[in-house]
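Fold and geometry: a report
So you can see what is in the structure, the chains are spelled out below.
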2 protein chains.
Amino acid sequence: MTSHPIAGTWVAQFPGLAQLAPELHDLLLARSTILAAPAGTVLFGPGKPPEHLLLLLEGRVRVQQMSDEGRDIVLYRVEAGESCVMTTACLLAHDDYSAQGIAETDIRAAAIPRAVFDRLISASVPFRTFIFTAFARRMSDLFMVIEEIAFQRLDIRLAQKLIELSRGAGRVRATHQQMAAELGTAREVISRQLGEFQRRGWIGQARGVIDLLDPGAIARLAAQEGHGARP
Amino acid sequence: MTSHPIAGTWVAQFPGLAQLAPELHDLLLARSTILAAPAGTVLFGPGKPPEHLLLLLEGRVRVQQMSDEGRDIVLYRVEAGESCVMTTACLLAHDDYSAQGIAETDIRAAAIPRAVFDRLISASVPFRTFIFTAFARRMSDLFMVIEEIAFQRLDIRLAQKLIELSRGAGRVRATHQQMAAELGTAREVISRQLGEFQRRGWIGQARGVIDLLDPGAIARLAAQEGHGARP
DNA sequence: CGGGCTTGGTGATCTTGTCACCGAACTTCG
DNA sequence: CGAAGTTCGGTGACAAGATCACCAAGCCCG
C-alpha cells in the first residue's frame, strides 16, 4: 500500500526487521516457508534438531527443560513477533538441544533455512541486532527464573504466575502438575497453596481450571517482593 | 615457526578460531588489545556496559547475578580459552547487563572492539560458529543451574561444588557466605551442612578455608543423583 | 589494646519438599 | 451402560531447607 515494500508482509510483524535492506527482505520472503502447527506439537527437543530458524507469527511456544525423572520445568515462552533463540544458537553451533519447545496454542511461524539465516547474519546489521537482542533477552529471562526460584517465596511466585497465565481473562487452564512445572516445585505444594488461596476466596477451582475470583488480591500478593513491608 | 600464520599467536588458544581466514586473523591481532587485570576487578556489570568483546587468555571470570538485597548468586564461570558471551549479546543488542563479571584470578584477555567484532561476525563462518557455540553452551549451563537449584538435594550440590572448586587441590578458599552464593542458598544452611561433613571427618575448616580430608567420600556423595539407590 | 567488622555457630520457627496413600472425576472399551 | 484403568487432586506425617535472632570468636586497623 505504501511505497515501502516491507509493509503488508509478515516481516512487518517484527519491528527489529524494519531496517532490513529491500533485497534482503525479498530474499527472506522468497526463501522462507510459512509453517502452521496445532497446539501441542513438539517443535524441537532432544534428538529433534531444528532445520530452520523459527520466527513466530501467531500463537505461543513454551520452552521447557525435561529432566530425567519426569520432572520438567518451564524456562520461558516465545510470543508472536519473537524468534526462538535456542533454535538460533543450535542452528549455528550444530549443537543438540537440552530443552524442548512445544506449541502452546495453534501457531504459524516463518521457517528460515540455515543458508538464508547465514546469509542474513553475514549481510545485515539490523538482522544481527535483532538476533542478538533476542539472545540477550532470553539470557535475562533465565537469570530472572534463577533468582526467583532461589529467593522468592512460593505464594508470591504462584500469585505472579496466575496473573501472568490468566492474561486478563479471569481464568487459568492448567492442572496442579502443570503449575508445579511452571514454578519448579512439587504438585502437592501447589495443591496446598491453591487450597489456601481458595480458603481466602481468591480463586475457585475445578479440574484443570483455576478461576481468579479476586484478581486484585492476587495481584497485591504478587507485587510483594523479598522482605518488603508486611502490615 | 610453522608455515601457518596462526600458530604462535594468542589466537591459537581458541580452537574455534583455528579456521579463521589469514587476513581476518591479522585483523584480529592488529586491532585487539591485550588487557590485564588483577583478581577482584569488576569487568562489567549494571551501569558498566562493555566496550569490547573479551576473549579470556589466562585466569578465570565469575559471572554472578546481584539481587536487590545483597543476595547474589553465581551463574557460571568463564575459563581461559572461552569468550564472555554475556558481553557478546549486550555488545550487539546495545542492552544493559543484569549480571556482573568479576575476575576471580589475575587475568589476561584479548579485547576486541565492536567494529572488529562486527566485521568478523559478518565475514567469517568459523567466527560465527565460535560465538554461537559459546552462546549455546552458556544457555545449557543456565539450564543446568536451574534444574539443580530446583530439584537437587543440597548436600549433593555442596559436595559437587567442593569438588569443582577445589580443582584437584585438596582445599577450597571460600567463606560460608560465598559458598551460599555459589549454590543459591543461605549462609546458615551451608554452615550446618559443612558442620555435618566435618562431623563425618570429610573436611576440616578454618576461617575462609575448607580442606577436603576425604575427597573420595565427598565425590561419592556428589555422584549421587535424584533418587538413586541409597543403601 | 580496644572498638568495629567479618565470619561462623546455634536454637526456634516457618516454609517447602517428599513419601505414602486415598478418593473423585474422567476415559476407554467391551 | 458399566467396569477398569488413568489422571487429577487432597491430605497427613515427616524431612529438608529457609529465615530470624542472637552470640562468640577471629581479624583489621587506628
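All figures in this text were calculated on a predicted structure; none of them were measured in a lab.

1. Concerning the interface of chain A and chain B
Every contact between the two is made by 43 residues of chain A and, on the other side, 43 residues of chain B. A combined buried area of about 3,800 Å² lies between chain A and chain B, and 72% of that area is made up of carbon and sulfur atoms. It is Phe132, Phe143 and Phe151 of chain A in chain A that bury the most area against chain B; as a group they hold 19% of the surface buried on that side. The tally of links between chain A and chain B comes to 2 salt bridges.

2. A short note on the sheet that holds strand 4 (residues 60–66) of chain A
Residues and elements named next belong to chain A. Pairing is antiparallel across the open sheet formed by 4 strands, whose spatial order is 2-6-4-5. Unpaired on one side and paired on the other, strand 2 (42–44) and strand 5 (72–79) mark the two borders of the sheet. Averaged over all pairs of adjacent strands, the angle between their axes in this sheet comes to 30°, without regard to strand direction. The pairing of strand 2 with strand 6 (residues 99–103) spans 2 bridges and is classified as antiparallel. Paired with Val42 across the bridge in strand 6 is Ile102. Across the sheet, helix 6 (residues 176–183) is in contact with strand 4 and strand 5; its angle to strand 5 comes to roughly 80°.

3. Details of the pairing of strand 9 (residues 203–206) of chain B
Examined bridge by bridge, strand 9 of chain B and strand 10 (residues 209–212) of chain B share 4 bridges and lie antiparallel to one another. What sits directly across from Ile203 of chain B, in strand 10 of chain B, is Leu212 of chain B.

4. Description of the protein's contact with DNA strand C
Close contacts around DNA strand C come from 18 residues, with Leu154, Thr185 and Arg192 of chain A together with His176 and Arg207 of chain B the closest. Within 4 Å of the protein, the contacting atoms of DNA strand C are 53% sugar and phosphate, with bases supplying the remainder. Taken together, the residues of the surface near DNA strand C break down into 2 nonpolar, 7 polar and 9 charged.

5. Things to note about the pairing of strand 7 (residues 107–113) of chain B
Here is the key point about a regular strand: its side chains alternate between the two faces of the sheet. Residue and element names in this part refer to chain B. Along strand 7, 6 of the 7 residues are buried, which leaves the element largely enclosed by surrounding structure. Looking at chain direction, strand 1 (residues 33–37) and strand 7 are connected through 5 bridges and run antiparallel. Bridge assignment links Thr33 to a residue of strand 7, and that residue is Ala111. Bridge analysis of strand 3 (residues 52–58) against strand 7 gives 6 bridges, and the strand direction is antiparallel. Each residue of the ladder has a partner; that of Glu58, found in strand 7, is Arg108.

6. Remarks on the protein's contact with DNA strand D
The local shell around DNA strand D holds 17 residues, among which His176 and Arg207 of chain A together with Leu154, Thr185 and Arg192 of chain B are the closest. The contact in question runs from a phosphate oxygen of DNA strand D to an N or O atom on the backbone of His176 of chain A, over 2.7 Å. A distance of 2.2 Å separates a phosphate oxygen of DNA strand D from a polar side-chain atom of Thr185 of chain B. For the surface near DNA strand D, the secondary-structure elements that each account for two or more residues are helix 7 (187–199) of chain A together with helix 7 (187–199) of chain B.

7. Points about the domain arrangement of chain A
Residue and element names in this part refer to chain A. Partitioning chain A into domains gives domain 1 (10–148) and domain 2 (152–223). Each of domain 1 and domain 2 has a C-alpha centre, and the two are 29 Å apart. In this assembly, 10 residues from domain 1 lie in contact with 12 residues from domain 2. In this assembly, domain 1 packs against domain 2 so that about 780 Å² is buried in total across both faces, 36% of it on carbon and sulfur atoms. Interface area lost by domain 1 to domain 2 is led by Val74, Arg77 and Glu148, which between them contribute 57%. At the junction of domain 1 with domain 2, the criterion picks out 2 salt bridges. For Arg77, the salt bridge is made with Glu182, and the minimal N-O distance between the two is 2.5 Å. There are 3 residue pairs in polar contact (both at pLDDT 80 or more) connecting domain 1 and domain 2. Counting residues per element, the side of domain 1 that touches domain 2 draws most heavily on strand 5, at 5 residues. Across the side of domain 1 that touches domain 2, the residue classes tally to 2 nonpolar, no polar and 8 charged.

8. A look at the pattern of salt bridges
For the structure on display, the rule yields 32 salt bridges over all chains. Arg128 of chain A is paired through a salt bridge with Asp118 of chain B; the nearest N and O atoms lie 2.9 Å apart. Placement of Arg128 of chain A in helix 4 (residues 125–151) and of Asp118 of chain B in helix 3 (residues 114–123) is noted, with the two residues assigned to different chains. Of the charged contacts in the structure, one is a salt bridge between Arg60 of chain B and Glu79 of chain B, with a shortest N-O distance of 4.0 Å. Residue Arg60 of chain B is found in strand 4 (residues 60–66), and its partner Glu79 of chain B is found in strand 5 (residues 72–79); the two are separated by 19 residues along the sequence. In this structure Arg60 of chain B comes out as buried when scored by relative accessible area, which is 16%. If you follow the salt bridges from partner to partner, you end up with Arg60, Arg62, Arg77, Glu79, Glu104, Lys161, Glu164, Arg167 and Glu182 of chain A in one network.

Conventions we followed
Residues numbered from 1 in each chain as written. Chains lettered and ligands numbered in written order. Predicted model: local features only at pLDDT ≥ 70, side-chain atom pairs only at ≥ 80, totals over all residues. Heavy atoms only, no water. Contact = heavy atoms within 4.5 Å. Buried area = accessible area lost by both parts, 1.4 Å probe. Salt bridge = Lys/Arg side-chain N within 4 Å of Asp/Glu carboxyl O. Pairing = 2+ DSSP bridges. Helix = DSSP H or I, 4+ residues; strand = E, 2+ residues; numbered from the N terminus. Axes fitted to C-alpha atoms, helices over the stretch in contact; angles between N-to-C directions. Near = heavy atom within 4 Å. Nonpolar A, V, L, I, M, F, W, Y, C, P; charged D, E, K, R; others polar. Buried < 20%, exposed > 50% of the residue type's maximum accessible area, 1.4 Å probe, protein only. Polar contact = N/O pair within 3.5 Å; in protein donor to acceptor, adjacent residues only side chain to side chain. Domains from an automatic or database assignment.

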